[in-house]
Structure formats: C-alpha cells, structure tokens
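Spelled out from the first residue to the last, the chains are:
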Amino acid sequence: MRSYRDFHRESIDAPEDFWRREASRIHWETPFDTVLDRSNPPFARWFCGGRTNLCYNAVDRHLATRAQQNALVYVSTETGIESQYTYAELHAEVNRMAAVMRSLGVKRGERVLIYLPMIPEAVFAMLACARLGAIHSVVFGGFAAPSLAARIDDAKPVLIVSADAGARGGRVIDYTPLVDEAMSRAQHAPQKVLLIDRKLAPNRVKASYFVDYEPLREQYSDAQIPCEWLESNEPSYILYTSGTTGKPKGVQRDVGGYAVALAASMEYIFEGRAGDTMFTASDIGWVVGHSYIIYAPLLAGMTTVMYEGTPIRPDGGIWWRLVEQYRINLMFTAPTAIRVLKKQDPALLRAADLSSLRTLFLAGEPLDEPTASWISDALGKPVVDNYWQTETGWPMLAIQRGVEALPQKLGSPGVPVYGYGLTLRDENTGEPCATGEKGVITIDYPLPPGCMQTVWGDDARFVKTYWESVPGHQVYSTFDWGVQDTEGYVTILGRTDDVINVAGHRLGTREIEEAISSHASVAEVAVVGVEDALKGQAALAFVVLRDANAAADPAAAKTLEASIAATVDRNLGAIGRPARVHFVAMLPKTRSGKLLRRAIAALAEGHDPGDLPTIEDASALEQIREAVANRAA
Ligand code: AMP
C-alpha cells in the first residue's frame, strides 16, 4: 500500500504529473495538451484543449460492459414508487429528455434551471444538460419564489424544468404557484417551463409557458442525441450557495476537471468500485447530491440509489431495510440524519442484514463524538467523516482509506486530501499557524481539479471573496476555523463569517435577516446561529419592532412570531425559518453601527460575550440575555 504522506506530497509538488495520471480514468474525445494552465492566478485551468463530456462518461461509456446493470434505483417513501433503470434504460431516458430540451431551444452554453423534487427525471434532466453542453443550475426545492426569482435573474436560463409538486413527510408541496410567482417576479423570462406531472397536485396553476413533459417524451421516445464534446474548461453547472451578503453566489464548475476529480475520489476516498451500489441520502439541490448521488457513482460504473422521503417514515428502519434490499455497499449522509436515527429503536437497525455495507460516510456539518461513536458501534463498520464545501465539489479533509487506512481520531474529519495544499493561517498575519494553534483553513494556489472555477458572471467577486481575505497571501479561504495536530489531523471549529449550518444546510444569516425585514412590523433584526442538539445549529432571530407594544403580551408575541416565520417561508423558504424569534427593544452594536453578532450568539448560548470596548450601549446585551432567559423559563 502507498503511504498517504508521499501520495499527498507528490500531488502538491508535481500536480501536473499527478493529475495527468488520474485523467486517464475518463474518456477524452480529444486529448488535452496542457495539464494545468497557471498563467492567470488565482484562476486555474485543468486539462486545457481536451474535449470530453460528463454524460458520455457517466452513461454511454458503460453501455459496452454494463448495459443491463442498474444505474439508478429510485425509492420514494412519499409516493410508494420504487423503480430501477439499467444503464441502457438511463441512456434512453437521458436521450429523450435531451431531445425534448433541444426542441425547446436548449443549446450548448445555455442555462437550464432545474427546480425539482427527488424524482428520476431530475437525474435525466441534469445528464441531458451535460449531453447537450448546456449548463444546469439546480435550485433546492425548499426555496421560495423570491429566492427562485433571484437565481433566474442571475443564471438567465432559457428553460426551467419543474414538477407539479414535491412531497415531504406526507405533505404535498405545490410547485406551480411558486414557479409562477418566481416567473412574474424575475426580470429575465425563460421561454418555457417543462413540467413533470406527478399527479400529486390537483390544481396546477395554468400559464401559457408551462409545457407537459410526458407527451413530448412520447414523441421523442426513440431519440438519439449525440454528446457535445466540450473543452475541459467549459462550464458544466452553476450551484448557488450562501455567503456573507444576501446575494447568493453561483459556484461555477468545469467539465474535465470535475470528472477526473470525482472519478479519482471514488477510489481513493470512497473505495467505490464499478458494480458497487451507493446510497447517498442528500438532495440534488446540494453539492453532495450533484457529486455523490449523480456524477461520481455513475462515472465509476456503480448503481446509485436516489431516495425521496425522510429517514423515519414509515419508520426508523427504512434506510437499513434499503441497505438489505439493494445490497448497498456505501452510504453517505449528514450527521443530523444519524442524530435523528439515534432516537429510534436500535432494534430497527439490528433487524436488517447489513452485511453488504462496507462504509458510512458523513459530511456537511461537524460530526460530534457521541453520534460518531453510537453509529460506528451500532453498525460495526467504518464511519468516515469528511469535510468539504459547495465550492470544492469533493472532500478536502478525510481519512483516505483507498490510499492508506490511517487511524481515525474522533472529532476530526482527518488529514488533507491529495491535491489540496491545505494550510491553517493566522487571520491577522496570514502566516501558517503552529500546530495546535487556531487558524483559518486555506488552500494554496492552485485549487485542484473539480473545484469552483469562478463565481458565475462575476470573476471579480470570486477573486475578492475567496482569494483576498487572508492578509498578504493570495490563498483560497474556506471561511472555516480549524486547528491541526502534530500528525496533520484537522479539527473544524466553525465559520469565520456569518454563515450558519442547520442540519447540514448552509444558510447566510443575512439572507434570513433580509427575509424577516420585509415583515411590516419589523424595524431591525439580527439572526445568529446557536448550538442545537439535533440539527447542529439553529437560527435565532432578535427583532426590534416598529411598535414596541405590538408584542407586549405573550399571546400577541406568539402571533407575531408565527407571522414572521410565515414571512421567511414565503421569501426564502421553510429551511430558513428561525427556531425562535425574540423581541427586544435594542440590538447590541458597535459605535459605527455594526451588529455584534458574535456577542449575541454567545449570550444566546449562555456564554459570556467577553470584553466589548466598542459597544455603543451595553444595556442592549442585558436585553438579549433577558429575552433568552424569559423564553427558556
Ligand atoms: P456546504 O457548502 O453547504 O456544503 O457547507 C460547507 C460548510 O459546512 C463548510 O464550510 C463547513 O463549515 C461545514 N462542514 C462541511 N463538512 C464538515 C465536516 N465534516 N465537519 C465540520 N464542518 C463541516
């Protein structure tokens, strides 16, 4: 077995040699002439001149050897539908979808916005875009109309693909009114909205731009659409993510670098092999869904399991029964899901035959020690924490068992992954930290293949946000704090910015504040993240009302809290809804008027906020303390 240390060092010292070798994992229609173009830092271009296609590599390439193997297993505990698609069937469905999209005007380089629940058509639509060389932008189905409209205006899609409805926990969520409202709010007007009719919503909104997919699918049932051969650095997709400002950033990814990075990660990090079955319980609206429900398992010739539903319906044994039924080898989810399952009867886990399962991967938020110990004891299998973000597209920190099975250390996602020149730096000087010293997690130039190329349509924002925040050094900032031990293991200590992480979902506190501010009774608001036993973090809102008496009695405060929550649902989506709204007369601010969010968060968690010499009016702190104490009482 190779040594992790040598492997990592080689990837950093000689990235061209390292990645040239890895590039042979995928099909190149035209070979690349330059492995890495560093002529314009901080931008990096990988496999320049090479022409390839993600859909060809994920689907067509496997037809010769595994046409009859399942590519996609679909299970919905919301609708009771279970279906399976072999690689040959997936190929046919993707061709149909591509033909329909083409008939609606989708061409290479154009954007298609996908606003879909977890249904197989979401996979077909993403792969169809890849086939046509169009750029998909998947928007999580939990986002409300104004958020959707903002993404329509930024990506300017020619087409939207949506459905009549989503379903969660037995509740149907009508999509057409949301899409319709987004269409009327957006400045940019996509030509059509292609609608998958699941027959869940009885009263669909009727508008001339809605086109039903099913009749078109019939019409193009025998279509064969050739793959567009794209230069490796052409964009494959845009995925929006939250940052410090209210305006989400469109993370743009390439084609060739992404394919190579994911294919390599399958062997070195996930130990996945062609023919294996992988179940990633996430959503296609998040990066984990893009990379490890769809592209990576298919690139590797595996079977991927797509699941619509919660981990506890019809009961807490459902995921383990799926492992048994489909002989699942690899599972990937977020720690919150495991914390939810931990509350279930352990007999449900023991009742299933889990012999096929090799490893459980967890990412997206900190993995606390009790959860990690519980699940690894219960399963008797390795549990691999891995740390990354939407921007990187694949793990930055992990125990890379396919390289060397280093021991795990509870509380740490592991050591830097090959390709990442990961360094902890002092936030004031930008110099590397000593071991044991807290610093900002940064990546040296260049980012490895598969990471974000830029912010869609805004190179300046990419440079300024990510590469100019560490003093004196042009390095990529993750905006996470960490600490590294003598053996290289890194522990994550939370975000350096105003981003919070609720149940593995990344939310900008500014986005939630903007949504709350639109409520007529609200004068000012601060949103902070506090520790939550189940979801990792929860959002708390502290609101100053226009009329302080409006929440004077408990009943009025309760009504107002509900109506503020409803405003967040309408403007941002239920995922942004704060766990609590506290009413205060004043918010703690600096003399220059900046909100003291960290002090608010500390108080809300019952800690001392420390010395705050810049505070304008210290009595504001007392108000926060009281508001939290009163509600707890
Ligand atoms: P997202 O872009 O939504 O995937 O969120 C990425 C952020 O989630 C990171 O910047 C971290 O703050 C956090 N995160 C992801 N994975 C882990 C992990 N394994 N441990 C601790 N925090 C994590």
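Preceding this section is the structure that the text describes.
Draft legend 1. Local environment of the overall build of the protein. Secondary structure summary: the protein contains 20 helices and 32 strands in total. Dimensions of the protein, computed from C-alpha atoms along their principal axes, come out at roughly 70 × 60 × 55 Å. With 633 residues in all, the protein has 60% of them scored as buried. For the protein, long-range pairs separated by at least 24 residues make up 70% of all intrachain contacts whose partners lie at least 6 apart in sequence. Surface summary for the protein: the accessible area is close to 24,000 Å², and the carbon and sulfur share equals 49%. For the protein, the distance from the average position of its 63 positive side-chain charges to the average position of its 77 negative side-chain charges is 2 Å.

Draft legend 2. The arrangement of the pairing of strand β29 (residues 505-508) in detail. Across the two faces of β29 the burial is the same, with His-505 and Leu-507 and Arg-506 and Gly-508 all buried. When strand β28 (residues 499-502) meets β29, the two strands line up antiparallel, connected through 4 bridges. From the neighbouring strand, Val-502 faces β29, where its bridge partner is His-505. The hairpin turn running from β28 into β29, its antiparallel successor, is 2 residues long, and Ala-503 in that turn takes a positive phi close to 55°.

Draft legend 3. A look at the sheet that holds strand β12 (residues 210-212). On the basis of which strands lie adjacent, the open sheet formed by 8 strands has the order β12-β11-β8-β6-β7-β14-β15-β25 and mixed pairing. One side of each edge strand has no neighbouring strand; the edge strands of this open sheet are β12 and β25 (454-455). Both strand β11 (residues 192-196) and β12 contribute to a ladder of 3 bridges, which runs parallel. For Val-193, the partnering residue across the bridge sits in β12 and is Phe-210. This element, helix α5 (residues 87-103), spans β6 (111-115), β8 (159-163) and β11 of the sheet and lies at about 155° to β11.

Draft legend 4. View of the packing of helix α1 (residues 4-13) against helix α2 (residues 15-22). Packing of α1 against α2 leaves a shortest axis separation of 5 Å and a crossing angle of 110°. Classed by the angle they form, the pair α1 and α2 counts as roughly perpendicular. Two secondary-structure elements touch here, α1 through Phe-7, Glu-10, Ser-11, Ile-12 and Asp-13 and α2 through Pro-15, Asp-17, Phe-18 and Arg-21.

Draft legend 5. View of the pattern of salt bridges. By the definition in use, this model includes 39 salt bridges. Ionic pairing is found between Asp-154 and Lys-247, a salt bridge with its closest N-O pair at 3.3 Å. Placement of Asp-154 in helix α7 (residues 145-155) and of Lys-247 in the loop between β14 (237-241) and β15 (249-253) is noted, with a sequence separation of 93 residues between them. Note that Lys-589 and Glu-524 form a salt bridge whose closest N and O atoms lie 2.3 Å from each other. Here the residue Lys-589 occupies a position in the loop between β32 (580-583) and α19 (597-604), and Glu-524 occupies one in strand β30 (residues 522-532), the gap between them amounting to 65 residues. Each of Glu-93, Arg-96, Glu-214, Arg-217 and Glu-218 takes part in a single network of salt bridges with overlapping partners.

Draft legend 6. Seen up close, the nonpolar core. Core analysis: the largest hydrophobic core is formed by 125 residues, its most contacted members being Met-101, Tyr-295 and Trp-394. With 10 residues, helix α6 (residues 120-132) is the largest single contributor of residues to this core. Not counting residues up to four positions away in its chain, the partners in contact with Tyr-295 are Leu-54, Met-126, Leu-127, Ala-130, His-136, Tyr-237, Tyr-258, Leu-262 and His-290. Residues Ile-160, Ile-500, Ala-515 and Ile-564 belong to the second largest nonpolar core, which totals 40 residues.

Draft legend 7. Looking closely at unusual backbone geometry. Pro-42 follows Pro-41 through a cis peptide bond whose omega is 5°. Among the secondary structure elements, Pro-42 is positioned in the loop between β1 (34-37) and β2 (45-48). Omega for the peptide link from Arg-313 to Pro-314 comes to 0°, which places this bond in the cis form. Here the phi dihedral of Lys-199 falls at roughly 60°; this positive angle occurs in a residue that is not glycine.

Draft legend 8. How the structure looks around the side chain of Arg-506. Mapping Arg-506 onto the fold places it in strand β29. On the accessibility criterion, Arg-506 (15% relative accessible area) is buried. A polar contact is formed between the side chain of Arg-506 and the side chain of Thr-241, at a distance of 3.4 Å. A polar contact of 3.1 Å, which involves the side chain of Arg-506, links it to the backbone oxygen of Ser-242. Arg-506 has contacts with Thr-241, Ser-242, Gln-389, Thr-390, Glu-391, Arg-495, Val-499 and Ile-500, leaving out every residue within four places of it along the chain.

Thresholds applied
- Residues numbered from 1 in each chain as written.
- Predicted model: local features only at pLDDT ≥ 70, side-chain atom pairs only at ≥ 80, totals over all residues.
- Heavy atoms only, no water.
- Helix = DSSP H or I, 4+ residues; strand = E, 2+ residues; numbered from the N terminus.
- Buried < 20%, exposed > 50% of the residue type's maximum accessible area, 1.4 Å probe, protein only.
- Contact = heavy atoms within 4.5 Å.
- Areas by Shrake-Rupley, 256 points an atom, 1.4 Å probe, with all protein chains shown as cover.
- Lys, Arg positive; Asp, Glu negative; His and termini not counted.
- Charge placed at Lys NZ, Arg CZ, Asp CG, Glu CD.
- Pairing = 2+ DSSP bridges.
- Axes fitted to C-alpha atoms, helices over the stretch in contact; angles between N-to-C directions.
- Parallel < 35°, antiparallel > 145°, perpendicular 65-115°, else oblique.
- Salt bridge = Lys/Arg side-chain N within 4 Å of Asp/Glu carboxyl O.
- Core = buried A, V, L, I, M, F, W, Y, C linked by side-chain atoms within 4.5 Å.
- Polar contact = N/O pair within 3.5 Å; in protein donor to acceptor, adjacent residues only side chain to side chain.

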